[in-house]
Amino acid sequence: MVTSSRFCTRSLLHESLDCLLIDKIPGRQNDRKTLLGELNWIFTAVTDTIAWNVLPHELFRRLFRQDLLVASLFRNFLLAERIMRSANCSPVSYPMLPPTHQHHMWDAWDMAAEICLSQLPALVEDHNAEFQPSPFFTEQLTAFEVWLDHGSEHKKPPEQLPIVLQVLLSQCHRFRALVLLGRFLDMGPWAVDLALSVGIFPYVLKLLQTTTPELRQILVFIWTKILALDKSCQVDLVKDGGHVYFIRFLNSVEAYPEQRAMAAFVLAVIVDGHRRGQEACIEAGLIHVCLKHLHGSMQNDAQTEPLFLQWLCLCLGKLWEDFTEAQIIGLQADAPSICAPLLSEPQPEVRASAVFALATLLDVGFDSFRDGVGGDEECDDDEKSRAEIVVIIKSLLNIVSDGSPLVRAEVAVALARFAFGHKQHLKSIAAAYWKPQSNSLLNSLPLLANINGSGNIVSSHVGPLIRVGNDNSAVVRDGRVSTSSPLATAGVMHGSPMSDDSSQHSDSGILNDGISNGVIRHSRSKPLDNAMYSQCVLAMCTLAKDPSPRIATLGRRVLSIIGIEQVTKSVKSAGSSARPGDPATSSPTPSFAGLARSSSWFDMNGGHLPLTFRTPPVSPPRQSLLTGMRRVCSLEFRPHLMNSPDSGLADPHLGSSGVSERSLLPQSTIYNFSCGHFSKPLLTASDDSEELLTRREERERFALEHIVKCQHSSVSKLNNNSQIASWDTRFETGTRTALLQPFSPIVIAADENERIRVWNYEEATPLNGFDNHDFPEKGISKLCLLNELDNSLLLVASCDGNIRIWKDYTVRGKQKLVTAFSSIQGHKPGVRSLSAVLDWQQQSGYLYASGEISSIMLWDLDKEQLVNSIPSSSDCSVSALASSQVHAGQFAAGFVDGSVRLYDIRIPDMLVCATRPHTQQVERVVGIGFQPGLDQGKIVSASQAGDIQFLDIRNQRDTYLTIDAHRGSLTALAVHRHAPIIASGSAKQLIKVFSLEGEQLGIIRYQHTFMAQKIGSVSCLTFHPYQVLLAAGAADACVSIYADDNSQAR
């Protein structure tokens, strides 16, 4: 009564509203369609909002969310404080609360109450009168929407959040409230954390019981955001049967694939490390639903959303993980045959997820997969399972040399599971062919020569191997593995798969035969074919020599399981990474190499603005095709789920009790890596899109302006007087290759020891220096820039065909390895050196690679996948490669016998034509390149004999111009991308520059004068892509830069 009288005296209605009517407010408190229910509902929303905005979140949760009676008590206390303070009384509570009586939400309460009570006389007078709901909640939702348009993590949180949750109880406002809530949760993990602190969980959990179709999509989105932050909700979801809601949504064909991918993600989190969740989802038929959609995507010609395929695989993998019954169901349902085709999908994340799904079917203790008791039917099932395991292993062997480290890491983890279950057979295979005198396992594995498939296993990458330890070295006490045994060696077994530090590089321990889950087991399974075991050993050796440090570490750990340790000695000791002249004193080891991809295509295409490039008349590089590698996520990226107790990561501090199989083996990272995608904003474009577009447009303008200048300006002399910079790289073995940056005055050089140095030639200052890898052997054959118009990446090709791609390579000590793979797979018998030759084509996103092999490998770097192996149509090896920078898919190859071939991957035969222009002396083609302009068939070819041939292959197969540039000593050729100029270098310390008509434009030579700049034997030449600048590398470690007299050098 005190409350009503106090309100009436303050209200604008105090003259028209009889105070006695307050006690006659019609309706029920729990019926929100009545006046009393509406007032109670608004009062609850207002007091909750005041409390959440004033109290610490933990105290709010304790007082307003843990107990209904306590919450009601403190809501009334807030109201009592307002009333008593107006009467100069000071209410007291325990715990003591900060003052709330002057909070501005009380004004909103007064207004809402007045609007409701204004209807009171009519409702009392006519019991049939219809109550009109207050606009309070609609207005508060509008205020929340305004905050969403302008708010951020760094601004004050939206005070309407508790009101939004209250609105979820109302059917008329529910859809709008859910949409706004979804927008808020999409702002980041901080927003999800705020919503959970308000008490969102029971509200959205209860909504899963509704059958309203229009709510399904937004509810799936909201649960995706919640579970991306807090996987502990999985228990309550299963308890309330929420998993069935998501399985139905996953199985609904009318939903968009991206939304069904979210449902698959939710289900994957539900079953992740949660046995009750696994059992419930199996009972609901989740395995068959996922397999049905995977199988349907393979049958359907239309491209299925990759994110959907990825999460179907991850969901299956988590469902099968460490759950034998589920694995049996999967094997019986032909899951391996359904998942195997996904290993050739263009997206690396899909391939890696498919490997993860297949790997979880390779039960770690497969030797004890059956207890050996059962009838003929169980034997048939066992044979069926064994046949499916064979399908899995064959599929994995085909992608051991996949172009993506993300995929190869999962293959290594899968082979580790297989090796642990079959290590007795694998050890016996390795031991049977071990010959100590050869010091090489490869030379003594005759069965390895019969490998079928795509030939993706590279025998040349396997170094010397030795056996370590003995098979009984593990100490077993009371049926458990002792921590003093090699099994518990932290550096070998318990390192986090996310880390790539030095402790991971020593594999001092081996795993004992027959030990699984800490107990002794006896082998029961019928061995697979010996040839397959041999192929597995070879695959493990290939992984141990992987160009990615992290994958190589995983490969060595797999080898240690079967009792083999690879011996690799670093050429560079840990303390000698700094060289004379290096700007950086150390070269940090790249960590987590190769996993720096954006987590899916949803944020590349669906969430971000497309970065298109308008191709100029003679095109500079087109759009950046390496979307995944261009927007590299931080190498220190740690998805939140990784810190959860059931994330599947090995605990580095495991004791002697409870040692599990998962802790003994390298663990998969694709699931945790993929979860990070849903923690990022999915509904809004990236903030840096506008900045990227602006920078791209500026560089486009620069490129177009300079292309026109190059095409129309006459090139004057280039000679010793044209030198604008000279750099002593201090390479011990001389400069092997060099590269000029297109939009900054930077030159990059590399040597035989795979040392890379970066120099600013305008300021004459070194910028950075680092080792391409720790085991240099063959030198660097090529440097290329990927995505010139954006934050370019540096592609470094070693002579053995290994490719490493770096970001931030111009920043001292900050270079990071983005990805690494082997571009050449398989070589001719008896060949000791691959002598790889490569070229990159920005328009198509293709990398062409060859060498001492009988084919030319075609890699799509956006897909990180070998898309074709083109027969070279020659018995000789390729010695030079050049791709057209104008016509995508076209490239030319020069061979060691002096022949030249033009290829176009867009035509069925691919080989356009072949000719042999170098006929005077049969010498290898040293350099080859397409002439500037739009002509498709005009090529320049230079042989070691010293002659340079100009060909127009389409019109006539004979050369139309010959230049005898050097006599038997030509070492390098460079063709300008746009200007009508070429340059050749010789071993006789001589560089000659020619026009396309054969006119000699200049000679750069060693002169016997006191002030003259000496150059050594020319080892490499390269032109600036948009200016007439020539960089020359020499055997005496000098890099010189020359500019045309008419050139506007930057």
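Scoring rules and cut-offs
- Residues numbered from 1 in each chain as written.
- Predicted model: local features only at pLDDT ≥ 70, side-chain atom pairs only at ≥ 80, totals over all residues.
- Heavy atoms only, no water.
- Helix = DSSP H or I, 4+ residues; strand = E, 2+ residues; numbered from the N terminus.
- Buried < 20%, exposed > 50% of the residue type's maximum accessible area, 1.4 Å probe, protein only.
- Contact = heavy atoms within 4.5 Å.
- Areas by Shrake-Rupley, 256 points an atom, 1.4 Å probe, with all protein chains shown as cover.
- Pairing = 2+ DSSP bridges.
- Phe/Tyr/Trp six-rings, centres within 6.5 Å; stacked < 30°, edge-to-face > 60°.
- Axes fitted to C-alpha atoms, helices over the stretch in contact; angles between N-to-C directions.
- Polar contact = N/O pair within 3.5 Å; in protein donor to acceptor, adjacent residues only side chain to side chain.
- Salt bridge = Lys/Arg side-chain N within 4 Å of Asp/Glu carboxyl O.
- Parallel < 35°, antiparallel > 145°, perpendicular 65-115°, else oblique.
- Left-handed = near helix turned anticlockwise from the far one by under 90°.
- Nonpolar A, V, L, I, M, F, W, Y, C, P; charged D, E, K, R; others polar.
- pLDDT = per-residue confidence, 0-100.
- Core = buried A, V, L, I, M, F, W, Y, C linked by side-chain atoms within 4.5 Å.

Student: Just checking my understanding: could you explain the overall build of the protein for this structure?
Tutor: Each helix and strand in the protein was counted, giving 32 helices and 34 strands. Across the 1050 residues that make up the protein, the buried fraction comes to 59%. For the protein, the proportion of contacts with a sequence separation of at least 24, taken over those separated by at least 6, is 65%. For the protein, the accessible area works out to roughly 41,500 Å², and carbon and sulfur atoms hold 50% of it.

Student: Help me understand the pairing of strand β17 (residues 846-850) in this model?
Tutor: In summary, the side chains of a regular strand alternate between the two faces of the sheet. Within β17, 5 of the 5 residues are buried, which leaves it mostly tucked inside the rest of the structure. Burial along β17 is two-sided: the face carrying Y846, Y848 and S850 and the face carrying L847 and A849 are both buried. As paired strands, strand β16 (residues 837-841) and β17 are joined by 5 bridges and run antiparallel to one another. Looking across to β17, one finds that W840 is bridged to L847. Once β16 ends, the chain turns through 4 residues before running back antiparallel as β17, passing G845 with a positive phi of about 75°. Note that β17 and strand β18 (residues 855-860) share 4 bridges and pair antiparallel. Along β18, the bridge assignment pairs Y846 with D860. Here β17 folds back onto β18 in antiparallel fashion, the turn holding 4 residues.

Student: Help me understand the packing of aromatic side chains in this model?
Tutor: How two aromatic rings sit relative to each other is given by the distance of their centres and the angle of their planes. Considering all chains together, one arrives at 26 aromatic pairs under this definition. Between W311 and Y671 the ring centres are 5.9 Å apart and the planes differ by 75°, which places this aromatic pair in the edge-to-face class. A residue pair is termed long-range when its members are at least 10 positions apart, and W311 in helix α18 (residues 306-320) and Y671 in helix α31 (residues 670-679) qualify at 360 residues. Under the relative-accessibility criterion, Y671 is labelled buried at 2%. An aromatic cluster is built from F60, F64, F74 and F77, whose rings are joined through pairwise contacts.

Student: Help me understand unusual backbone geometry in this model?
Tutor: The general pattern is negative phi for most residues beyond glycine and trans for most peptide bonds. Each neighbour pair has its own omega, and for Y94 with P95 the value is 0°, a cis peptide bond. By secondary structure assignment, the location of P95 is in the loop between α4 (68-86) and α5 (105-117).

Student: It is not clear to me how the pairing of strand β14 (residues 802-807) should be interpreted in this structure. Could you clarify?
Tutor: Extensive coverage of β14 is indicated by the burial of 6 of its 6 residues. Alternating positions in β14 separate into two faces, N802, R804 and W806 on one and I803, I805 and K807 on the other, with burial throughout. For strand β13 (residues 793-798) and β14, the ladder comprises 4 bridges, and the chain directions are antiparallel. Counterpart to A797 in the pairing with β14 is I803. Counting the residues in the hairpin turn of β13 and β14 gives 3 residues, including G801, whose phi is positive at 90°.

Student: Looking at this model, I keep getting lost on the sheet that holds strand β32 (residues 1018-1023). Mind explaining?
Tutor: In a beta sheet, neighbouring strands are held together by backbone hydrogen bonds and run either parallel or antiparallel to one another. The antiparallel open sheet is built from 4 strands, whose spatial order is β7-β34-β33-β32. Unpaired on one side and paired on the other, β7 (723-728) and β32 mark the two borders of the sheet. With strand direction ignored, the average angle separating the axes of adjacent strands in the sheet is 15°. By the bridge criterion, 5 bridges tie strand β33 (residues 1029-1034) to strand β34 (residues 1038-1043) in an arrangement that is antiparallel. Residue pairing across strands places L1029 opposite A1043, the latter belonging to β34.

Student: Please explain the environment of C799 as it appears in this structure.
Tutor: When you line up the elements, C799 lands in the loop between β13 and β14. C-alpha separation for the pair C799 and L834, spaced 35 residues apart in sequence, amounts to 6.7 Å. The residues touching C799, leaving out its near neighbours within four places in the chain, are R736, K778, G779, I780, S781, L834, S835 and A836.

Student: Explanation requested: helix α12 (residues 213-229) in the structure shown.
Tutor: Given 3.6 residues to a turn, an α-helix orients residues that are three or four positions apart in the same direction. Most of α12 is tucked away, with 12 of its 17 residues classed as buried. Looking only at α12, the buried set comprises L215, I218, L219, V220, F221, I222, W223, T224, K225, I226, L227 and A228.

Student: Can you walk me through the environment of D790 in this structure?
Tutor: Checked against the element boundaries, D790 lands in the loop between β12 (780-786) and β13. Assessed through its relative accessible area of 2%, D790 is described here as buried. Separated by 95 residues in sequence, D790 and R695 place their C-alpha atoms 7.4 Å apart. There is a polar contact of 2.6 Å between the side chain of D790 and the side chain of R696.

Student: I'm lost on the pattern of salt bridges in this one. Help?
Tutor: Between side chains of opposite charge, a pair can form as their charged atoms come close. If you walk through the whole model with that rule in mind, you get 26 salt bridges. Linking D110 and R82 is a salt bridge whose minimum nitrogen-to-oxygen distance equals 2.7 Å. Here D110, found in helix α5, pairs with R82, found in helix α4; they are 28 residues apart in sequence, far enough to count as distant. For R82, a relative accessible area of 15% gives the class buried. Where E279 meets R276, a salt bridge forms, and the shortest distance between an N and an O atom there is 3.8 Å. One end of the pair, E279, and the other, R276, are both in helix α16 (residues 275-283), 3 residues apart, so they sit about a helical turn from each other. Note on E279: relative accessible area 31%, which makes it partly exposed. The class for R276 is partly exposed, based on a relative accessible area of 42%. Connected through shared salt-bridge partners, K231, D272, K318 and E321 make up one network.

Student: I tried to follow the packing of helix α15 (residues 257-271) against α18 on my own but got confused; where do I start?
Tutor: The description of two helices packed together rests on the angle between their axes and the distance between the axes. At a closest axis distance of 8 Å, the pairing of α15 and α18 adopts a crossing angle of 15°. Here α18 runs roughly parallel to α15, going by the angle between their axes. Regarding α15 and α18, the two cross each other, and that crossing is left-handed. Judged by residue contacts, P257, R260, A261, A264, F265, L267, A268 and V271 of α15 engage L307, F308, W311, L312, L314, C315, K318 and L319 from α18. Taken together, the residues of the contact of α15 with α18 break down into 14 nonpolar, no polar and 2 charged.

Student: Is there a simple way to explain the confidence of the model for the protein in this structure?
Tutor: It should be kept in mind that the predicted coordinates are not to be read in detail where pLDDT is low. Mean pLDDT over the protein: 78, with 74% of residues reaching 70 or higher. Note on residues 367-375: pLDDT under 50 across the span, and 22 contacts to partners over four residues away in sequence or across chains.

Student: I tried to follow the environment of A552 on my own but got confused; where do I start?
Tutor: Tracing the sequence through the fold places A552 in helix α27 (residues 549-561). Residues A552 and R408 lie 144 residues apart in sequence; the distance between their C-alpha atoms is 9.9 Å. If we ignore the near neighbours within four places in the chain, the residues touching A552 are L543, A544 and D546.

Student: Before we go on, may I ask you to explain the nonpolar core in this structure?
Tutor: Grouped together as the largest cluster of nonpolar side chains are 180 residues, with contacts concentrated most on F136, F184, W223, F246, L250 and W311. What W311 contacts, discounting residues up to four positions off in sequence, is A261, A264, F265, A268, Y671, S674, C675 and F678. Within the second largest apolar cluster, 20 residues are counted, among which are I824, L838, L847 and M857.

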